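A look at the structure
Listed below, chain by chain, are the residues.
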Amino acid sequence: MSTDTITKILTIGTFFPSVNSDLQKSFTVVECPNRTDVEKLSPEQCNEIEGLATFGWAPADLIEKFPNLKLISSFGVGYDGVDADHATSNGILVTHTPDVLNDDVANTTIVLILATMRRIIAQDKYLREGRWVTEGNAPLTKSIRGKKVGIVGLGRIGDAIAEKLSVFQCETVYHSRNEKPDVTYRYYENLIEMAHDCDVLVVITPGGPATNKLINRDVMNALGSEGTLINVARGTVVDESEMVKALQDGRLGAAGLDVFEDEPNVPEELFSMENVVLTPHVASATWETRQAMSDLVVENLVSYFSNGTVETPVPECVDLHGA
Ligand code: NAP
Ligand code: 8YV
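Quick notes on the rules
Residues numbered from 1 in each chain as written. Chains lettered and ligands numbered in written order. Predicted model: local features only at pLDDT ≥ 70, side-chain atom pairs only at ≥ 80, totals over all residues. Heavy atoms only, no water. Near = heavy atom within 4 Å. Polar contact = N/O pair within 3.5 Å; in protein donor to acceptor, adjacent residues only side chain to side chain. Areas by Shrake-Rupley, 256 points an atom, 1.4 Å probe, with all protein chains shown as cover. Nonpolar A, V, L, I, M, F, W, Y, C, P; charged D, E, K, R; others polar. Domains from an automatic or database assignment. Contact = heavy atoms within 4.5 Å. Buried area = accessible area lost by both parts, 1.4 Å probe. Helix = DSSP H or I, 4+ residues; strand = E, 2+ residues; numbered from the N terminus. Pairing = 2+ DSSP bridges. Axes fitted to C-alpha atoms, helices over the stretch in contact; angles between N-to-C directions. Core = buried A, V, L, I, M, F, W, Y, C linked by side-chain atoms within 4.5 Å. Buried < 20%, exposed > 50% of the residue type's maximum accessible area, 1.4 Å probe, protein only. Phe/Tyr/Trp six-rings, centres within 6.5 Å; stacked < 30°, edge-to-face > 60°. Parallel < 35°, antiparallel > 145°, perpendicular 65-115°, else oblique. Left-handed = near helix turned anticlockwise from the far one by under 90°.

Focus on the site of ligand 2
For ligand 2, the full set of nearby residues is F55, F75, G76, V77, G78, L101, R234, H281, S284, R290 and M293. R290 places a side-chain nitrogen or oxygen 3.1 Å from an oxygen atom of ligand 2. About the coverage of ligand 2: the protein hides 83% of its 330 Å² of free accessible area. Partitioned by chemical class, the residues of the shell around ligand 2 number five nonpolar, four polar and two charged.

Description of the domain arrangement of the chain
Each assigned domain of the chain is listed with its residue range as follows: domain 1 (3-100 + 287-322) and domain 2 (102-278). Between domain 1 and domain 2, the C-alpha centre-to-centre distance is 33 Å. At the junction of the two partners, domain 1 supplies eight residues and domain 2 supplies seven residues. Summed over both sides, the interface of domain 1 with domain 2 buries roughly 590 Å², with 39% coming from carbon and sulfur.

Some details on unusual backbone geometry
The residue after E263, namely P264, is reached through a cis peptide bond having omega 5°. Note that P264 resides in the loop between β11 (254-257) and β12 (276-278). One non-glycine residue, K213, lies in positive phi territory at about 55°. Examined against the element boundaries, K213 turns out to sit in the loop between β9 (200-203) and α10 (217-223). Although it is not a glycine, H281 adopts a positive phi angle of roughly 50°. By secondary structure assignment, the location of H281 is in the loop between β12 and α12 (287-307).

Considerations on the site of ligand 1
Lining the immediate environment of ligand 1, one finds 27 residues, of which R156, R177, N178, K180 and D258 sit closest. A distance of 3.0 Å separates a nitrogen atom of ligand 1 from a polar atom in the backbone of V232. Within the side chain of D258, a nitrogen or oxygen atom sits 2.9 Å from a nitrogen atom of ligand 1. Its free accessible area being 930 Å², ligand 1 has 89% of it covered by the protein chains. The class makeup of the residues in the shell around ligand 1 is twelve nonpolar, ten polar and five charged.

Focus: the sheet that holds strand β5 (residues 93-95)
Read from one edge to the other, the open sheet built from five strands follows the order β2-β1-β3-β4-β5, with strand pairing classed as parallel. At either margin of the open sheet sits one strand with a lone partner, and together these are β2 (28-32) and β5. Taken pair by pair, the neighbouring strands of this sheet meet at an average axis angle of 20°, ignoring direction. Taken together, the four bridges between strand β3 (residues 49-54) and strand β4 (residues 71-74) define a ladder with parallel strand orientation. By the bridge assignment, L52 is partnered in β4 with I72. Of the strands in this sheet, β1 (8-12) and β2 touch helix α1 (residues 17-24), which is tilted by about 150° from β2. Contacts between α12 and the sheet are confined to β1, β3, β4 and β5, with β4 contributing the most and set at about 160° to the helix.

Things to note about the nonpolar core
The biggest cluster of nonpolar side chains holds 67 residues, and the ones touching the most others in it are L10, F66, I72, I151, L165 and V202. The element contributing the most residues to this core is helix α5 (residues 102-117), with seven residues. The contacts of I72, once residues within four sequence positions are left out, are L52, T54, A58, I63, V82, A87, I92, L93, V94 and T95. Formed by 29 residues, the second largest nonpolar core is a distinct cluster that contains M220, V238, A255 and M273.

Topic: the sheet that holds strand β7 (residues 171-175)
Read across the sheet, seven strands follow the order β8-β7-β6-β9-β10-β11-β12 without closing on themselves; strand pairing throughout is parallel. A strand with exactly one partner marks an edge of an open sheet, and here the two such strands are β8 (186-187) and β12. Pairing geometry for β7 and β8, over two bridges, is parallel. Within the sheet, the bridge partner assigned to V173 lies in β8 and is R186. Together, β6 (148-152), β7 and β9 form the strand contacts of helix α8 (residues 156-165), whose direction differs from that of β6 by roughly 170°.

With respect to the packing of aromatic side chains
One pass over the full model with this rule turns up seven aromatic pairs. Ring plane angle 35° and centroid distance 5.8 Å describe the contact between F16 and W287, whose orientation is recorded as tilted. Placement of the pair is F16 in the loop between β1 and α1 and W287 in helix α12, with a sequence separation of 271 residues. The exposed category is assigned to W287, whose relative accessible area is 70%.

Considerations on the packing of α5 against α8
Direction vectors running N to C along α5 and α8 enclose 55°, while the axes themselves pass 9 Å from each other. Compared by their axis directions, α5 and α8 come out oblique. For α5 against α8, the interelement crossing comes out right-handed. Contacts between α5 and α8 involve N102, D103, V105, A106, N107, T109, I110 and I113 from the first element and R156, I157, A160, I161, K164 and L165 from the second. Among the residues forming the contact of α5 with α8, the class breakdown is eight nonpolar, three polar and three charged.

Pasting the structure below:
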């Protein structure tokens, strides 16, 4: 068969090598390791692209470049960087990679809660600086046992976090737009009220306009000087400059953060704070989970172009043909 008749897939970003080699079994693959490489594609090349594999990035103007695009297969469960409404209104399906990462993201969340409350990074530094020898035992920290933890966004990952927290005898409560029918955790319709009642607030909602700065000054003040904020959702969900001020003023007790407003840039004021633990957006970043996510990106493309169905459509396009 001439390569001209084989479906052409564009990959944007540096995927695991298996993604390109698996895609090459069924498709002709055009690789753009960097977003800026897309600009180098000719209009003829853009016309030929029918499928896109992307790291959570497909704004409307990118989608517009590909008049024959049929499927956007996005790596990651969060797809706030993909204009799913624009895609679906143009008949383009969007898929993402839910569930396969629940366990590792929930594990990272537990690690962040423990590391923040037990000041693990500061304790490590204390020892390395020789202060154990010169100053004696390090300061005591707070136990997680029996604490009240409020989950903002009790979805697939939030549920996995809640399950893991039960091992620590924590009392789990939650806030989301809708009360979940099948759970026994207490529901708070009012986020500020929940933050006021909790020792720890875990943020695990999607990003995007609906959750922008959901965790604002009032929520952080309600969580208070003894409270711990954990953000594993998206940087946009927390008002970052208000969070920095609240930590500086001591109105917020501590924070464990995996995500930031302007990644990879992180407010430098946080670097010297011993009550803050920072990780570079790595909640799902294990070889095993990233492989499972990569496989799902490929499966959605292969399935769509072989039988018209996909494994994991985003909710916006479940009514489209093939989802
Ligand atoms: P999910 O199953 O869709 O759960 C999302 C939850 O958030 C739902 O309970 C939803 O409930 C709630 N929610 C949505 N909008 C809300 C709002 N405006 N106010 C309050 N609650 C709201 O998603 P998931 O699979 O658990 O993933 C959640 C998010 O985690 C992803 O979208 C991504 O942004 C983030 N994430 C981050 C990492 C990382 O590396 N740090 C890794 C994976 C995922 P209602 O609809 O009832 O409100
Ligand atoms: C991704 C994530 O790995 O799934 C998500 O929503 O944030 C991470 O698991 C990250 O977005 C890489 O693109």
